[in-house]
Each structure stands twice: as structure tokens, then as C-alpha cells.
There are 2 protein chains.
Amino acid sequence: MAWTNSKDRALRERAQAVIPNGMYGHQSVMLLPDDYPQFFSRGEGAYMWDADGNRYLDLLCGYGPNLFGYGHKAIDDAYVARLRGGDTLTGPGPAMVELAEAMVGMVSHADWAMFCKNGTDATTMAMMVARNHTKKKTIVLAKGAYHGAAPWCTPLKNGVTEADRANQVFYDYNDVESLEAAVKAAGGDLAAIFASPIKHDAFIDQEAPSPEYARRARELCDEHGALLIVDDVRAGLRLARDCSWSLVGVKPDLSSWGKAIANGHPISALLGAEAFRMAAATIYVTGSFWFSAAPMEAALVTLGLVRDTDYLERTIALGERLRAGLDEAAGRHGFGLRQTGPAQLPLIMFEDDADFAKGYAWCDALIRRGVYMHPWHNMFICAAMTEADIDFAVEAGDDAFKAIKAAGKLEPATKLQILHQHAAE
Amino acid sequence: MAWTNSKDRALRERAQAVIPNGMYGHQSVMLLPDDYPQFFSRGEGAYMWDADGNRYLDLLCGYGPNLFGYGHKAIDDAYVARLRGGDTLTGPGPAMVELAEAMVGMVSHADWAMFCKNGTDATTMAMMVARNHTKKKTIVLAKGAYHGAAPWCTPLKNGVTEADRANQVFYDYNDVESLEAAVKAAGGDLAAIFASPIKHDAFIDQEAPSPEYARRARELCDEHGALLIVDDVRAGLRLARDCSWSLVGVKPDLSSWGKAIANGHPISALLGAEAFRMAAATIYVTGSFWFSAAPMEAALVTLGLVRDTDYLERTIALGERLRAGLDEAAGRHGFGLRQTGPAQLPLIMFEDDADFAKGYAWCDALIRRGVYMHPWHNMFICAAMTEADIDFAVEAGDDAFKAIKAAGKLEPATKLQILHQHAAE
């Protein structure tokens, strides 16, 4: 059956009438090749199906939530059982205590937990706890890092005021001098340093944190009585069975979590060390669905799988298999790839591709071959993938390299260029 | 079987170790009588059961989400079917378009919809859209109104900076002169006026909006090119099958929704008029779980019930039956009640009860008689309640009046007094 997208096109047209721009946020395909499907009708394990019924091996994993596979039976059974028994009630269920115990038991720097819905909730609460504890205001953040989409942190400044961005100083990730300069610029007012566990910015090569940078961030916080915050929303549980910075031997004071902690069910969390318990207890944060029990039951099963299975080692091995296979295939067709990030959180871009022409054309070719990849955002390997799935992706990749080579001159990614132009203005 | 709370006490003790203050947010029982259960194990229809197995007729309805009854079969079946088929994928499902169409079809001022998770997400987006459209900054809000728990709006200022509250001017709800003065104070910089659909502040009598106030808010926005925002998160679908201000004949530019729109499943929404579509399309807002399909399927079924059943007329009639029954019972025992708000969103307080001694004692007595009420927050009637349930609540109320009268001198609500003292500082 030939690949078609007529149902997706029809849905997009209807969406244009009732949703601004037809879609918004990170799942809008506005900045992806034209034929990327916007709407999906099914997910199972490592695969998803678009509204036209085309099947894809999904390397985005819902942009992170899918860690153990779509529709994981044990996790979803726990969700459904709690849903049928009582989910969003006038108080939390016992699962809230069990989940806080489980997370505190798993994450070495943590003594307490608070649960919320969005990753942005958790990063915003981290900022509030730091300011409440220190009675200082300035937060120091890495340039270009994503910490959510509230006015204080959203990547676009439309609808955002200067006051929303007051008390912020920026540094370059992994650059100790730049970090020191930012802390100096904060004067005596440093409340917190924010750090992504790895540099996983869009559009550019990913970087692991250097131990010097991570350790210096810890020292600077200690020197200034400020809080070190690791934003593990995206990478949490993907790199370690602990806070991601346990890999560099640095304990933050607070860490934010979300995405995968309930394998796609809506819950996020802020974890913190003992010294900041009182500051956390005296901010007022809440949400209509923050106490719902079903996502907490699902999170408990997910954390059990994190503890008891080799999911981490397998996703790393699968990621390495994908990386090696694609490198070899690209070379065979005369392309050079920039594959960065941990193997299980891969970002794949092309050498000599400033206008993303190759990346867009290759991803577009992959879509038509049943593999969903992203030309400029990090991807995710999930534990439901098998070696056969990875080999399928590599074969599709090989065929896609061949196709874009045969196509000759490729179109630059005009949509992206418009975005960059706007951002520069 | 005697009412006991030993399991709840044990859970609370465990919670103290791993959750700051043992609980946070609106579902913390910190400001309720000591024996109020913190943890619940089951919900069904109009009832919930605490961790010790005590059953309550639940007049809080999850603080709003429960509109058609806990565990509503048709709504939850739709949720579960979508969950099993694919929920949090790499893009939304077709249900997102259908739900946007349904909400735009239902709400007369709306031409487009955006979905999110928290009520706070929707109110924050409303503020951003207004600022993006007008290129102005000042928002005018009613003193004491609740619009969420982000730094710009949370009721407590711990962890909040002055900059977080910049560009805000306050007015007194229903006071036209005060509203005019606030708009004047905004100078030429008015971006939006926020209004709750009714005055549903905690601790004080509820008020319906006067038509003069609502109309003047509309006029002032029109005169200044600012946006009128009705925050229907709490009261939406409880007062009308349209925006709540359709009852006073005033159309806002934007309205925020949440709580009951999927009968407890996690989803909120911002609705807007055509003129603001471009402003909404050019802010960047998103969340990990905003595109999940299962809550949208549940919302579609919920909105179908809103359209096709007499839930609204029934909840009003049940609320009136409760109000009349309790008034009569209170009078019989020599108490005067201040019952305010729409009948289906009742707030029940006592005359001559500045220290909430009567309110606390009566609610505490009700808990032991199987009725969960709140001494200072508005409550909710749900469509799963029957006349027999209301009569049960009235009988329990009558017996509780008798008990607190027999008790003689009542203890003032010390916890609340501490809060008020802090707030005054």
C-alpha cells in the first residue's frame, strides 16, 4: 500500500479552523517537513500509526514519555484499576505516599518529593523553593537550555514581559569561566543555578556535562548559599536509575522530573534535599489534577520496572547499534553524520547542512519508509524496541540516504530559516 | 462500625517523612479540622471512601472535577479505550480536533481552543495572549480572586518576587468605581481585565456578578483595546452550557476552562474569539502531556452529557433542596447560616462565627456522620447526587447542629487564625 496522508490533511484543515495555527507547542509539525503527519490514531510498543493508518517505528517516543513502550500492559493495568476505583477525588490516594517513598528511595540526593503535572510545574516550583529558601532572587541558567514554557522560561518571547525575565543571568553550558562570570554578575543575590543534566538543546550538537563544570556549579552554590537545580524532566530515568548527575558524581539540591516517570501518564515531580524541606513546605503550589491517584499507581509500576529490569543497559545497547549502523550506511552513500548525545537520547544531524536541507530530506524519506525521526530535536530509545526494530531503522535509513543522493539538489528547510530569522530580530 | 482514622493517621505519618509538611496545595487538610481524612481509597458516583473505609457523600467533588459522578462509566470507558489504543504519542489524536470543534460549538464567544493540563496553564496563556495581542503589559484583577498557583498569581507570596507581580492592578469585584479606578491606574498600558464568573473567593460570602459590573468590564476593555478574560476554570459547566457570563449577557474575549470538562480527567483549555487567534498562534506554550488523547476522548463524552442531559437543572434543584433543608435545620437548633453562591456551588458558613469555631465543629461532626463538607471553600453539587443523598446530608446536618449545640463552648479554628495572621504580616 502506498504511503498517503489524505486523512491527516483533512484533519489539519479542520484543525486550522478551531486551533490557532492548526496546532501549537512541541508536537506541532509546523517546523518539520510538509508531509509529516500531525495526527496519530494508535500506539503499541515501539510503534505508532498515523491517522491514515501508516505505521512508524517511533524514535521520538512522545518526546520522552514513552520509556517502556506505548500501551505497556502492567503500567496501564495499574492506571485503569485505580481509575475504576477512584482517581481524581477530594484527596490523594495512599499511592502518593508510596510514590514519594519510591522516588526518595531511588534518587540519592532526595529526601522529599512533590508531584505536579507539567515539567514546567516542577521547574517553576524549583525556582520558587530556591527563592523562598535563600530570600534571594537571581537564577543563573544556561543559554538556550529548555526549562519549560511558562513566561519566565518559554523559548519565544511573544506575550512575555521584561519583568517575567527579571533576575536571570545566563552562562554557556560546560564553560566554567562563563558560569563563574554569571554567578559574579548575580552579585550577592544568587538563589540558584539551573543545569540540564546534559546539553540537549534543539538545533545543535548535544554535549555531556564536563565533570569540571558540574563540580564547579556545586561549589559555587555552596559558596553562595544558593541551590543547585538539575532539570531532569527530559532525560530522567534515561541515563541513570538516579538523578542524571549521579553519573558525574554531583548531587544537586533539587531535581525536576516528568515525561517518563509514569511511562506517558500525566505526572511530574520535584525532589529535594532535607535542608530545603521547610522552603518547599511554605510555597503555595497546586493544580486541579495534581493529586489524582491513577498516574501515581502507574508511576509506581514504572519505577518498579526501572529498578528490576535491564531497560537502561538495553536502551544504551540499542542506541549504539542504531548509531553504528547509520554511520556506516551514511558513509556508504557519501554522507557524514553528526550523531551526538548519549546513544539512548540520540540527535542525528548531517555534516555540511547549515540549511537543514539534507536532514529534512532524509527524515522525509524515512517517514515514507515507516520510521519517524526528527531533524533537529533529540530522540529517545525505548525499552520496547528490539534489535530487529533498530535494524529496520538502519535499513530504512540506508534506503533514505540512497534516495536523497539520487534526488540531487535538496531544498533548504525554509520554515526553519524563517524561525531563525524571527529569533534573531 | 465506629468511625476511625487510624490508617489515615499512619499514612500521614509516613507522608510527613517524604512530602514537605506531609501534603501541599488545595487538597492538604492542614487548614481543616484535625480529624479530616487526608487520604482516600475509593470513589463511586457521589461518594468517596477514605483510607480507613469510611464512606462520605462528597460535597467537594474533588474540588470541582467531579460533575457527573466518580467513575462515570461512559466517560471512563472512552478514556480507557483510547488509553489502550494510544494516548500520549508523538502527536495528538483526531479527538483534539473534535474537542476543539465541540468547545467552540458550545461556547458562544469562542472561535478557537487550545488545550493544556492545569487551570493555571489556561489563565497564564490568557495573560500571554492578551499581552501579545495588545503589546501592553498591565492586567487588572479582582482582589482575593484565585486564578491559579504560578508565581504571578499564587495566593501566598513565599518564593515569589516583586517582578513576578509587576504590571498588576487590583479592583474590588462587583465595584464599578473600583474597576474604573484600576483601569485608570493602568494608564495607557491595559492588556486585560480578569474576572471570575462569580465571586468564589475562600473564607467570604460568594457573590453573583452584577450586570453593571460585567457590562462595564466589557466596555472598558473595548474602550482601551484590552481583552476581557473570564476565568471559568472552577465554575465552568456548573452555571451554564456556555461561558458563565452568558448568564449576564457579556461575551469575554478569552475564557479559561478546566476542572470538570473531562469529569476528572486531566485537561484544561483556553478559548478565544477570532480577533485574538493570531496572538494565540504566536505564543509558545506546551507541556509533555497536553496532547494526550485519552482525556480529550473523555472530554468529548462529558460535553455530550452536558448537551444532552438535564444535569444542570438537576444540580440546581438539588442545591436548592440542600440549602432549604439546612436552613430549616439550622434554625431549629438556633443557628443562622450564611449560605451563599449559586445553589449548585454552595458555600456554607455560620452567622456570628468570625473564628470559624461553629463551622469547624459542624464540619467535624458531619465527617463522623458520613458527609464531607468544607468550612470555608465553595462546594459542588454533582449530577450523580439524588434527592435521597441530599436528604441524607440534611439529616446528618441536623444531627450535627444538635451535637455542636450540646457541646457548648466550641474551640476557635486556631490553624486558620495562624494563616490569617501570616497573611496580614
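Here, every reference points to the structure presented above.
A. Structural view of the overall build of chain A. Along its length, chain A carries 12 helices and 13 strands. At 22 Å, chain A has a C-alpha radius of gyration in line with the 22 Å of a compact globule built from 425 residues. Principal axes of the C-alpha set define a box for chain A whose edges measure 60 × 55 × 45 Å. Per-residue burial for chain A yields a buried fraction of 67% across its 425 residues. Accessible surface computed for chain A: about 14,200 Å², of which carbon and sulfur atoms make up 53%.

B. Focus on the sheet that holds strand β1 (residues 40-44) of chain A. Residue and element names in this part refer to chain A. Strand order in the open sheet made by the 4 strands is β1-β2-β3-β13, with mixed pairing throughout. Here the strands that pair on one side only, and so sit at the sheet edges, are β1 and β13 (371-372). Across 3 bridges, the pairing between strand β2 (residues 47-50) and strand β3 (residues 55-58) is antiparallel. Residue pairing in the sheet places Tyr47 in a bridge with Leu57 of β3.

C. Spotlight on helix α3 (residues 95-106) of chain B. With 12 residues, α3(B) extends 16 Å from end C-alpha to end C-alpha; this agrees with the ideal 16 Å at 1.5 Å per step. If you follow the buried residues of α3(B), they end up packed against α1 (6-18) of chain A together with β4 (112-116), β9 (254-257), β10 (268-272) and α8 (293-308) of chain B.

D. Representation of helix α11 (residues 387-407) of chain A within the structure. All names here are of chain A. An ideal rise of 1.5 Å per residue puts 30 Å on 21 residues; α11 measures up with 30 Å between its terminal C-alpha atoms. Inspection of α11 places Asp389, Ile390, Ala393, Val394, Ala396, Gly397, Asp398, Ala400, Phe401 and Ile404 among the buried residues, and these make up the whole buried set. Following α11 by one or two positions, Gly408 adopts a phi angle in the positive range, close to 75°.

E. How the structure looks around the interface of chain B and chain A. Listed as interface residues are 98 residues of chain B and, on the opposing side, 98 residues of chain A. Between chain B and chain A the total buried area reaches about 8,600 Å² when both faces are included, carbon and sulfur atoms providing 61% of it. Per-residue buried area on chain B facing chain A is highest for Tyr24(B), Thr90(B) and Tyr284(B); these three make up 10% of the total on that side. Our enumeration of links across chain B and chain A arrives at 6 salt bridges. Those elements that place two or more of their residues in the side of chain B that touches chain A are α1 (6-18), β1 (40-44), α2 (73-85), α3, β4, α4 (119-134) and α7 (277-281) of chain B. Broken down by element, the residue count for the side of chain B that touches chain A peaks at 9 residues, all from α2(B). Within the side of chain B that touches chain A, the residues separate by chemical class into 51 nonpolar, 29 polar and 18 charged.

F. Here's a closer look at unusual backbone geometry. Residue and element names in this part refer to chain B. The phi dihedral of Asn21 is positive, around 65°, even though this residue is not glycine. Looking at where Asn21 falls in the secondary structure, it is placed in the loop between α1 and β1. Unlike most non-glycine residues, Lys135 shows phi in positive territory, near 55°. If you trace the backbone, Lys135 turns up in the loop between α4 and β5 (138-142). Accessibility expressed as a relative area gives 62% for Lys135, which makes it exposed.

G. Representation of the relation of the copies chain B and chain A in the model. At an RMSD of 0.0 Å, chain B and chain A line up after a rotation of 180° and a shift of 0.0 Å along the axis. One copy is carried onto the other by what is essentially a two-fold rotation axis. Closest approach to the rotation axis among the C-alpha atoms of chain B is made by Ala163(B), whose C-alpha sits 2.6 Å away. Most of the interface of chain B is mirrored in chain A: 100% of its interface residues are interface residues there too.

H. Here's a closer look at the packing of aromatic side chains. Throughout the structure, instances matching the rule amount to 35 aromatic pairs over all chains. With centroids separated by 4.3 Å and ring planes inclined at 20°, the aromatic side chains of Phe203(A) and Trp376(A) adopt a geometry described as stacked. Linking Phe203(A) in the loop between β7 (190-195) and α6 (211-224) with Trp376(A) in the loop between β13 and α11, this pair joins segments that are 173 residues apart in sequence. Take Trp376(A): its relative accessible area is 13%, and that puts it in the buried class. Here the aromatic cluster, defined as three or more aromatic residues joined through ring pairs, consists of Tyr36(A), Phe40(A), Tyr56(A) and Tyr372(A). The lysine or arginine in question, Arg55(B), covers the ring of Tyr47(B), its NZ or CZ lying 3.9 Å from the ring centre.

I. How the structure looks around the pairing of strand β8 (residues 227-231) of chain A. All names here are of chain A. Within β8, 5 of the 5 residues are buried, which leaves it mostly tucked inside the rest of the structure. Of the two faces of β8, the one lined by Leu227, Ile229 and Asp231 and the one lined by Leu228 and Val230 are each fully buried. Pairing geometry for β7 and β8, over 4 bridges, is parallel. The partner of Ile193 across the bridge, within β8, is Leu228. Crossover β7 to β8 through α6 is right-handed. Relative to strand β9 (residues 254-257), β8 is paired through 3 bridges, and the arrangement is parallel. Note on β9: the bridge partner recorded for Ile229 is Leu254.

J. Examining the nonpolar core more closely. Of all hydrophobic cores here, the largest spans 198 residues; its most connected members are Phe115(A), Trp245(A), Phe115(B) and Trp245(B). Ignoring anything within four residues of it in the chain, the contact list for Trp245(B) reads Tyr173(B), Ala195(B), Ser196(B), Pro197(B), Pro209(B), Tyr213(B), Ala214(B), Leu228(B), Val230(B) and Val250(B).

Parameters and conventions
- Residues numbered from 1 in each chain as written.
- Chains lettered and ligands numbered in written order.
- Predicted model: local features only at pLDDT ≥ 70, side-chain atom pairs only at ≥ 80, totals over all residues.
- Heavy atoms only, no water.
- Helix = DSSP H or I, 4+ residues; strand = E, 2+ residues; numbered from the N terminus.
- Rg over C-alpha atoms; globule rule 2.2 N^0.38 Å.
- Buried < 20%, exposed > 50% of the residue type's maximum accessible area, 1.4 Å probe, protein only.
- Areas by Shrake-Rupley, 256 points an atom, 1.4 Å probe, with all protein chains shown as cover.
- Pairing = 2+ DSSP bridges.
- Expected span 1.5 Å × (residues − 1).
- Contact = heavy atoms within 4.5 Å.
- Buried area = accessible area lost by both parts, 1.4 Å probe.
- Salt bridge = Lys/Arg side-chain N within 4 Å of Asp/Glu carboxyl O.
- Nonpolar A, V, L, I, M, F, W, Y, C, P; charged D, E, K, R; others polar.
- Least-squares fit on C-alpha atoms with pLDDT ≥ 70 in both.
- Phe/Tyr/Trp six-rings, centres within 6.5 Å; stacked < 30°, edge-to-face > 60°.
- Lys NZ or Arg CZ within 6 Å of the ring centre and 35° of its normal.
- Right-handed = clockwise from strand over helix to strand, strands pointing away.
- Core = buried A, V, L, I, M, F, W, Y, C linked by side-chain atoms within 4.5 Å.

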